[in-house]
Amino acid sequence: MHGNAMPDSYVYVTEEGVTRHYADGSVEALAWEDVVEVRVATEPEAEVLIILLDRDGEGCVVPRSATDATFLARLRYLPDFDLDRLNLASESGRDDVVVVWRSPDPPSALPDLEYD
C-alpha cells in the first residue's frame, strides 16, 4: 500500500482553543481562556510534548511536531508568555517536565501528572 500511515492523533488549533483527536476516537480539548499552565515534557529519543492545563489539572497534550505558526502565535496571547523559554525547554533533551508558563492568577497547586 502506498501513502502515509494514518497518524495516531491530530491537533486542531482555533481562536477558541486546542483539540487533539486520537486514533482510538478519544479527544482532549481546552479553551484558551481556561489555560492556567503550560508545561513541556521531554525525554531522550521521544516526542516533545507541550501540555496545556486548566485549573483542575485537565488539559490537552500537543506533540511539538503538531505545532505550527498558528499554535505558537496563540500561545503568545497568554500574558507574558515567552517563546524562547518554550524553545529552550523543548530542546533540552533531558527526561524532564518543565513549567514554561503559569497564569498570573494560578490555582494554588496543580497535580504532578505522568504522560505517555
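This is a predicted model, so every value here is computed, not measured. Throughout this description, residue numbers start from 1 for each chain and increase along the sequence as written. Local features in this predicted model are restricted to residues of pLDDT 70 or higher, and side-chain atom pairs are both shown and tallied only at a pLDDT of 80 or more, whereas totals for entire chains, interfaces and linings draw on every residue. The side-chain figures draw on all heavy atoms in the structure; neither hydrogens nor water molecules are used.

### A closer look at the overall build of the chain
- Counting from the N terminus, the helices are the DSSP runs of H or I reaching at least four residues and the strands are the DSSP runs of E reaching at least two. Each helix and strand in the chain was counted, giving two helices and seven strands.
- Seen in sequence order, the chain has helices and strands lined up from the N terminus as β-β-β-β-β-β-α-α-β.
- Here the term buried applies to any residue with accessible area under 20% of the maximum for its type, exposed to any over 50%, and partly exposed to those in between, with areas from a 1.4 Å probe on protein chains only. Looking at the chain as a whole, 36% of its 116 residues are labelled buried.
- When checking whether two residues touch, look at their non-hydrogen atoms; a contact exists if any pair is within 4.5 Å. For the chain, restricting intrachain contacts to residue pairs at least 6 apart in sequence, the fraction spanning at least 24 positions comes to 48%.
- Split by element, the accessible area of the chain, about 7,500 Å² in all, is 46% carbon and sulfur. Surface accessibility follows the Shrake-Rupley procedure with a 1.4 Å probe radius. Residue values consider only the protein chains on display as shielding.

### Let's talk about the environment of E58
- With respect to the helices and strands, E58 occurs in the loop between β5 (49–53) and β6 (59–63).
- Between the C-alpha atom of E58 and that of A29, which follows or precedes it by 29 residues, the distance is 9.1 Å.
- In this structure E58 touches L52 and L53, once residues within four positions along its chain are discounted.

### Considering the sheet that holds strand β4 (residues 37–42)
- An order of β6-β5-β4-β7 is seen for the four strands of this open sheet, with the pairing classed as antiparallel. The open sheet terminates on both sides in strands that have one partner only, identified here as β6 and β7 (96–102). Each neighbouring strand pair of the sheet contributes to a mean axis angle of 20°, computed without reference to strand direction.
- Any two strands with at least two DSSP bridges between them are considered paired. By the bridge criterion, six bridges tie β4 to β7 in an arrangement that is antiparallel. Looking at β7, one finds that T42 is bridged to D96. Note on geometry: axes are lines fitted to C-alpha atoms, helical ones only across the stretch in contact, with angles between N-to-C directions running from 0 to 180 degrees.

### Some thoughts on the pattern of salt bridges
- Basic side-chain nitrogens of Lys or Arg form a salt bridge, by our definition, when they fall within 4 Å of a carboxyl oxygen of Asp or Glu. Tallied over the entire structure, the rule returns three salt bridges.
- In this structure, R102 engages E37 in a salt bridge whose closest nitrogen and oxygen atoms are separated by 2.7 Å. Within this pair, whereas R102 is found in strand β7, its partner E37 is found in strand β4, the two being separated by 65 residues in sequence.
- In this structure, R94 engages D96 in a salt bridge whose closest nitrogen and oxygen atoms are separated by 3.7 Å.
- By relative accessible area, R94 is classed as exposed at 52%.

### Observations regarding the pairing of strand β1 (residues 9–13)
- Examined bridge by bridge, β1 and strand β2 (residues 17–22) share five bridges and lie antiparallel to one another. Residue pairing in the sheet places V13 in a bridge with V18 of β2.
- Hairpin connection between β1 and β2: a loop of three residues separates the two successive antiparallel strands.

### Description of the nonpolar core
- Core analysis: the largest hydrophobic core is formed by 21 residues, its most contacted members being V38, L52, L75 and F81.
- Counting residues per element, the ones that place at least two in this core are β4, β5, β6, α1 (69–75), α2 (83–90) and β7.
- Top element by residues in this core is α2. It accounts for three residues.
- For this analysis, a nonpolar core means a set of buried residues of the types Ala, Val, Leu, Ile, Met, Phe, Trp, Tyr and Cys, connected via side-chain atoms within 4.5 Å. Core analysis: the second largest hydrophobic core is formed by five residues, A41, I51, L53 and V61 among them.

### Focus on the sheet that holds β1
- Spatially, β1-β2-β3 is the arrangement adopted by the three strands of the open sheet, whose pairing is antiparallel. Unpaired on one side and paired on the other, β1 and β3 (27–31) mark the two borders of the sheet. Adjacent strand axes in the sheet meet at a mean angle of 10°, parallel and antiparallel pairs treated alike.
- Here five bridges tie β2 to β3, and the two strands are oriented antiparallel to one another. Within the sheet, the bridge partner assigned to G17 lies in β3 and is A31.

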